[in-house]
Amino acid sequence: MRISLIHERGALSPFLMKMFVDGAWVESESGESFEVFNPATGNRIDTVPKGTREDVKRAADAAARCYRKWSETPAIERSRVLFRVSQLVRDHADGLAELLTSEQGKPLNESKGEVNSFANSCEYYAGLIGRERGAHTPLSTGEGFFIVTRRPIGVVGAILPWNFPVSLLGWKAAPGLAAGNTFVVKPASTTPLTDVKLVSILGKAGLPDGAVNVVTGPGGVVGEEILGNPKINKIAFTGETATGRRVMEVSARLIKRVTLELGGSDPMIVCDDADIDLAVEGAAWGRFRNCGQSCTSVKRLFLVDAIADAFVKKLVRKTKTIRVGDGADPQTHMGPVHTGAQRERVEEMVEDAKDRGAEVLTGGKRPRGKELKRGYFYEPTLLSGVDYKAKMAREECFGPALPIFVVKDLEEAIERANDTIYGLGSSIWTKDIEKAYDAAEKIQAGTTWVNSPPIARAEVPFGGFKQSGFGRELGVEGLEHYYEPKSIQVYEYGKGKKWSFPI
Ligand code: NAD
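1. Here's the deal with the domain arrangement of the protein
Stage number 1. Assigned domains within the protein: domain 1 (42–262 + 464–486) and domain 2 (266–450).
Stage number 2. Contacts between domain 1 and domain 2 engage 25 residues on the former and 28 residues on the latter.
Stage number 3. Summing both sides of the interface, domain 1 and domain 2 together bury roughly 2,100 Å²; the carbon and sulfur share of this comes to 52%.
Stage number 4. In this structure, the connection of domain 1 to domain 2 is made through one salt bridge.
Stage number 5. If you look at where domain 1 meets domain 2, you find 16 residue pairs in polar contact (both at pLDDT 80 or more).
Stage number 6. Of all the secondary structure elements, the ones that give two or more residues to the side of domain 1 that touches domain 2 are α3 (93–104) and α4 (108–129).

Written as structure tokens, this is what we have:
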């Protein structure tokens, strides 16, 4: 079976995608809708309902009803359902990937990778949930024992960004469902289509109605209602640090459980003993994959003086070979920036760096070419001599522009790398494993990759230090965030303390 997917229909034949709530396709109660555009062509792809606070309430009610059933479903059955979900998603991977590319812009192969990552997360947690062990511990006084069990938290509000709409849904829904929670999902307004399709597939794998609901619409309405709704017990948020602050503020009123995966300004450090060719490939891949719009994209490159000139020459050569185009074209290496506003932010950062004395080594402008006119394309860009006070050195540069810094040694590189409010990812490139380990311990970031660009794996916990957020997704740690630990103390008759006054 192949899902009927909506591809670009152009302005003349719009198609109204609905939301998926309580196992059914629904419209917004307001009857309003908004359009979704292809960032490579500017064409309208589809129209989705503009969800309201009432729509979120309806979804939260459905998720709360379903929670009673799903949380009591035996772990082995939850595991089976997740394995079926992953199989169904793999069966539909090509169609989902095409849809994702049309709304997000990334090349088809990257979209396929994202869909596979969703399936990997389901498989990983389906396997984990069937293998859990606990312990029975005697009380220190010998009066009895205690056990710590865990209960799922309840209804989770998953709020998603536009850069990885599919894999990040998997990072949340797979562990959350495995643990017995239910979901209200809010996709980013510019990338709702693949998430709605995915959620509609989940029901076919045997998830009960209401286990995962998706409400499309603006952050200020749908997102805010998710944060404030009393039936939603936990917020799993991925997005900008500024929005994360708002998530914490509103969630604090109801003491909601919160995990925040926020922005980053990841350093890549190349030592003088690194394999230069490998590191050049890693820098290009790490910065220009997803058009530089990954939370863990390489956003600042630190080169130790001794290898800097040779490295820069090779990186410029490599960067010039990156083919920019529509992600639907199999020849494309890098798609468009996701929106016009996002491209302007990158352009402003490049201009700011130039004003402060930076030199553009390659790129630095919109590419020419008739077929690229209507999309939000920007050339893969390298800059040297960037002032440490420049915006792209201090803030998150979310697009295909990479500032290169030359440092005298590893010590200076680490000091500079840590001089940021962020602490998400980082990488160190050297053949000396002791040096790598020592540097990894000193770099203030949730993950340090050694001799690799940033690649997330289902089994490895992922998350930020400092203002890149808190909590972890993926790995065993990612599952723990979907439980409340529950302690049970058991006293043997006759052995317990006597409870009489005076105490
Ligand atoms: P964003 O913060 O603008 O939006 C994220 C989501 O929050 C969207 O669904 C948006 O509609 C919603 N939202 C906006 N205002 C809201 C409000 N007041 N209440 C509730 N929800 C609201 O982020 P974005 O531009 O979509 O994504 C890019 C950002 O995400 C980058 O900073 C990137 O680094 C970060 N990111 C982090 C990770 C990670 O794992 N740490 C992963 C991917 C992306």
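2. Observations concerning the nonpolar core
Stage number 1. Of all hydrophobic cores here, the largest spans 61 residues; its most connected members are Phe118 and Leu177.
Stage number 2. Both domains that meet at this core, namely domain 1 (42–262 + 464–486) and domain 2 (266–450), each give it at least three residues.
Stage number 3. Excluding residues within four positions of it along the chain, leucine 177 makes contact with Trp70, Arg78, Leu82, Phe183, Leu207, Ala211 and Val212.
Stage number 4. Core analysis: the second largest hydrophobic core is formed by 54 residues, Met268, Cys271, Val407 and Ala413 among them.

3. What about the pairing of strand β12 (residues 266–270)?
The side chains of a regular strand alternate, residue by residue, between the two faces of the sheet.
Stage number 1. With five of five residues buried, β12 is to be regarded as a mostly interior element.
Stage number 2. The alternating pattern of β12 places Asp266, Met268 and Val270 on one face and Pro267 and Ile269 on the opposite face, and all of these are buried.
Stage number 3. One ladder, built from five bridges, connects β12 with strand β13 (residues 298–304); its direction is parallel. In the sheet register, isoleucine 269 faces β13, and the bridge partner there is phenylalanine 302.
Stage number 4. One ladder, built from three bridges, connects β12 with strand β17 (residues 427–429); its direction is parallel. Of the residues in β17, the one forming a bridge with methionine 268 is serine 427.

4. A word on the side chain of glutamate 261
Stage number 1. Within the secondary structure, glutamate 261 sits in strand β11 (residues 257–261).
Stage number 2. Here glutamate 261 sits buried without a salt bridge, and the closest side chain of opposite charge, arginine 472, lies 6.0 Å off (N-O distance).
Stage number 3. Among the polar contacts listed, one links the side chain of glutamate 261 to the backbone nitrogen of glutamate 473, at a separation of 3.5 Å.

5. As for the packing of aromatic side chains
For any pair of aromatic rings, the description consists of the separation of the ring centres together with the inter-plane angle of the planes.
Stage number 1. One pass over the structure, following the stated rule, counts seven aromatic pairs.
Stage number 2. Between tyrosine 124 and tyrosine 125, the ring centres sit 4.9 Å apart and the planes meet at 80 degrees, which makes this aromatic pair edge-to-face.
Stage number 3. With a relative accessible area of 0%, tyrosine 125 lands in the buried category.
Stage number 4. Taken together, the ring pairs connect Phe302, Tyr388 and Phe405 into an aromatic cluster.
Stage number 5. When the ring centre of tyrosine 482 is taken as origin, the NZ or CZ atom of lysine 234, which lies over that ring, is 4.5 Å away.
Stage number 6. We note arginine 416 situated over the ring of tyrosine 388; from NZ or CZ to the ring centre the distance is 3.7 Å.

6. Side note on the confidence of the model for the protein
Stage number 1. For the protein, the mean per-residue pLDDT works out to 95, and 96% of the residues sit at or above 70.
Stage number 2. Strand β7 (residues 155–159) holds the highest mean pLDDT among the elements of the protein, 99, whereas strand β5 (residues 136–138) holds the lowest, 91.
Stage number 3. In the model, residues 1–14 has pLDDT below 50 throughout and makes 35 contacts with residues more than four positions away in sequence or in other chains.

7. Things to note about α3
Stage number 1. Helix length check: α3 (twelve residues) gives 16 Å between terminal C-alpha atoms against 16 Å at 1.5 Å per residue, within 8%.
Stage number 2. Judged by how many residues are buried, α3 sits mostly within the fold: ten of twelve residues are covered.
Stage number 3. Where α3 is concerned, the buried positions are Ala93, Gly95, Leu96, Ala97, Leu99, Leu100, Thr101, Ser102, Glu103 and Gln104.
Stage number 4. If you follow the buried residues of α3, they end up packed against β3 (33–37), β4 (44–49), α2 (75–91), α4 and α6 (193–204).
Stage number 5. Positioned one or two residues after α3, glycine 105 has a phi angle of 110 degrees, which is positive.

What counts and what doesn't
- Residues numbered from 1 in each chain as written.
- Predicted model: local features only at pLDDT ≥ 70, side-chain atom pairs only at ≥ 80, totals over all residues.
- Heavy atoms only, no water.
- Domains from an automatic or database assignment.
- Contact = heavy atoms within 4.5 Å.
- Buried area = accessible area lost by both parts, 1.4 Å probe.
- Salt bridge = Lys/Arg side-chain N within 4 Å of Asp/Glu carboxyl O.
- Polar contact = N/O pair within 3.5 Å; in protein donor to acceptor, adjacent residues only side chain to side chain.
- Helix = DSSP H or I, 4+ residues; strand = E, 2+ residues; numbered from the N terminus.
- Core = buried A, V, L, I, M, F, W, Y, C linked by side-chain atoms within 4.5 Å.
- Buried < 20%, exposed > 50% of the residue type's maximum accessible area, 1.4 Å probe, protein only.
- Pairing = 2+ DSSP bridges.
- Lys, Arg positive; Asp, Glu negative; His and termini not counted.
- Phe/Tyr/Trp six-rings, centres within 6.5 Å; stacked < 30°, edge-to-face > 60°.
- Lys NZ or Arg CZ within 6 Å of the ring centre and 35° of its normal.
- pLDDT = per-residue confidence, 0-100.
- Expected span 1.5 Å × (residues − 1).

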